[in-house]
Amino acid sequence: QSVRFTQRLIVIFEDELAELEALEPPADRRAAFKRYLQARRRAIGYIEDGLAAAKGENPLAYADAQSAVAAEQVERAKLAERSGFSECSNPLTGGKAAAAP
């Protein structure tokens, strides 16, 4: 189940990243937007690490990968806000899913 879940998550993150990369940010927000995209790419890398761990049946490495994604969530949310997004990369709160991307 972890493999299928993680594969779906990667597809979602990559689709969101592709949509974001198609945007042209205002000039005064380009640097923050670039850092935001880099942080999103890094998160995808962690998720890919988790997929490899799940395929290798390594629950500790899988948990480490999930922790790495979660550890940078606040940073991604701040970068999204600095980029001009008001709902991107917000952490989950109150049992509700955060708005994407």
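None of the values given here were measured: they were computed from a predicted structure.

Peer 1: Explain the overall build of the chain to me, please; I cannot follow it from the model alone.
Peer 2: The number of helices and strands found in the chain is four helices and zero strands. Going from N to C terminus, the chain has its helices and strands arranged as α-α-α-α. Considering only residue pairs separated by 6 or more positions, the chain has 59% of its internal contacts joining residues 24 or more positions apart. Here the chain displays about 6500 Å² of accessible surface, and carbon together with sulfur accounts for 53% of that area.

Peer 1: I tried to follow the side chain of R76 on my own but got confused; where do I start?
Peer 2: Note that R76 resides in helix α4 (residues 73–83). Although R76 lies buried, it forms no salt bridge, and the closest oppositely charged side chain, E72, sits 4.5 Å away as judged by the N-O distance.

Peer 1: What is the right way to read unusual backbone geometry from this model?
Peer 2: Most peptide bonds take the trans form, and the phi angle of most residues other than glycine is negative. Of note in the backbone geometry, E57 takes a positive phi value of approximately 55° without being a glycine. Examined against the element boundaries, E57 turns out to sit in the loop between α2 (30–55) and α3 (59–71).

Peer 1: What's the story with the packing of α2 against α4 in this structure? I'm lost.
Peer 2: A pair of packed helices can be characterised by two numbers: the angle between their axes and the separation between those axes. α4 packs onto α2 with a crossing angle of 150° between their chain directions and a minimal axis gap of 8 Å. Between α2 and α4, the interaxial angle falls into the category roughly antiparallel. As α2 packs across α4, the resulting crossing turns out to be left-handed. Counting all contacts with α2, which are made through A32, F33, R35, Y36, A39, R40, R42 and A43, the residues of α4 involved are E75, R76, L79, A80, R82 and S83.

Peer 1: Would you mind showing me how to read helix α1 (residues 2–21) here?
Peer 2: Given 3.6 residues per helical turn, the α-helix brings residues three or four places apart onto the same face. Here α1 spans 28 Å end to end across 20 residues, near enough to the 28 Å set by a 1.5 Å rise per residue. Buried residues along α1 sit against α2 and α3.

Peer 1: Quick question: what am I supposed to make of a negative patch on the surface here?
Peer 2: Together, E14, D15, E19, E48 and D49 line one region of the surface with negative charge. Residue assignment for the negative patch shows that the elements contributing at least two residues are α1 and α2. Among the elements that take part in the negative patch, α1 stands out by supplying three residues, more than any other. By the secondary structure assignment, E14 is in helix α1. The exposure class of E14 is partly exposed, given its relative accessible area of 37%.

Thresholds, definitions, all that
- Residues numbered from 1 in each chain as written.
- Predicted model: local features only at pLDDT ≥ 70, side-chain atom pairs only at ≥ 80, totals over all residues.
- Heavy atoms only, no water.
- Helix = DSSP H or I, 4+ residues; strand = E, 2+ residues; numbered from the N terminus.
- Contact = heavy atoms within 4.5 Å.
- Areas by Shrake-Rupley, 256 points an atom, 1.4 Å probe, with all protein chains shown as cover.
- Buried < 20%, exposed > 50% of the residue type's maximum accessible area, 1.4 Å probe, protein only.
- Lys, Arg positive; Asp, Glu negative; His and termini not counted.
- Salt bridge = Lys/Arg side-chain N within 4 Å of Asp/Glu carboxyl O.
- Axes fitted to C-alpha atoms, helices over the stretch in contact; angles between N-to-C directions.
- Parallel < 35°, antiparallel > 145°, perpendicular 65-115°, else oblique.
- Left-handed = near helix turned anticlockwise from the far one by under 90°.
- Expected span 1.5 Å × (residues − 1).
- Patch = residues over 30% accessible without salt bridge, like charges linked within 9 Å, V, L, I, M, F, W, Y side chains within 5 Å.
- Charge placed at Lys NZ, Arg CZ, Asp CG, Glu CD.

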